[in-house]
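Structure assessment
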Amino acid sequence: MSELNDYLVRSAAAITAMVERDVTSEMERAVTAIVAALSQGKALLICGNGGSASDAIHIAGELVGRFLRERKAYNVIALPANAAVLTAWGNDYGFDTVFSRQVEAHGSAGAVLLAISTSGNSPSILAAAEQARTMDMTVVSLTGDTGGKLKQLSDILLNVPSTFTPIIQQGHLCLYHHLCEMVEARLCDG
Ligand SMILES: O=C(CO)[C@@H](O)[C@H](O)[C@H](O)[C@H](O)COP(=O)(O)O
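The rules behind these values
- Residues numbered from 1 in each chain as written.
- Predicted model: local features only at pLDDT ≥ 70, side-chain atom pairs only at ≥ 80, totals over all residues.
- UniProt positions renumbered as here; feature names shortened; annotations may be inferred.
- Helix = DSSP H or I, 4+ residues; strand = E, 2+ residues; numbered from the N terminus.
- pLDDT = per-residue confidence, 0-100.
- Near = placed C-beta within 6 Å.
- Nonpolar A, V, L, I, M, F, W, Y, C, P; charged D, E, K, R; others polar.

According to UniProt, the feature "domain: SIS" (unreviewed entry) maps to residues 34-190 in the numbering used here. The distance separating the terminal C-alpha atoms of residues 34-190 is 13 Å; by composition the span is 50% helix and 15% strand.

This is how it looks when you write it as structure tokens:
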């Protein structure tokens, strides 16, 4: 088998394992929490590092703009997208609190933090989740297999059964595209 085909088989195996594990009810809980927040004008804040920073921005693009439907804009903020805040706060106070500071700025009780971390152990993500909990926000997490330390800080955990970062990120993409579709449909159709 070629290296490409081997990679594709391993990628497909992680997705298939999610079908077998059946994360439908956890996904439904995530959709319900996000729909409840957005329908009340509360924010969905999203954080992640590296590839997951790109995922956070991707999700905000789908939900502020549109995914599949013509509809109003939703209050969704990708925290890694604000370069001025990241560099000012990170430079002056350290990187670990670049997301928690923004949760403090934009969060409120009833809002949702979507925390994306393949390891579940990135300090900046853990600090954001801790800050969200102090503000009575719901923490929804996308992680790798174990969930890492983020698991204990999460109300809802969607974990991809892999320990390989790129494949976990590919699983996250499947999960959050579905999440966007469901949130949009629920908000449009009631
Ligand atoms: O995209 C990749 C690897 O596929 C990297 O940029 C990766 O996202 C970075 O190493 C992150 O810092 C990893 O953080 P996390 O997912 O463990 O929270």
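A word on the environment of serine 54. Structurally, serine 54 can be placed in helix H3 (residues 51-65). Residues serine 54 and proline 80 lie 26 residues apart in sequence; the distance between their C-alpha atoms is 8.1 Å.

Attention now moves to the confidence of the model for the protein chain. Per-residue pLDDT for the protein chain has a mean of 98; in total, 100% of the residues score no lower than 70. When pLDDT is averaged over each element of the protein chain, strand E3 (residues 112-117) comes out on top at 99 and helix H1 (residues 3-21) at the bottom at 97. Across the whole predicted complex the pTM is 0.98, and at the interface the ipTM reaches 0.98.

Another point: the site of the ligand. Taken together, Asn49, Gly50, Gly51, Ser52, Ser117, Thr118, Ser119, Ser122, Ile125, Thr165, Pro166 and Gln169 make up all the residues around the ligand. Within the residue set of the shell around the ligand, elements represented by two or more residues are H3 and helix H7 (165-189). By residue number, the principal contributor to the shell around the ligand is H7, which donates 3 residues. Per-class residue counts for the shell around the ligand are 2 nonpolar, 10 polar and no charged.

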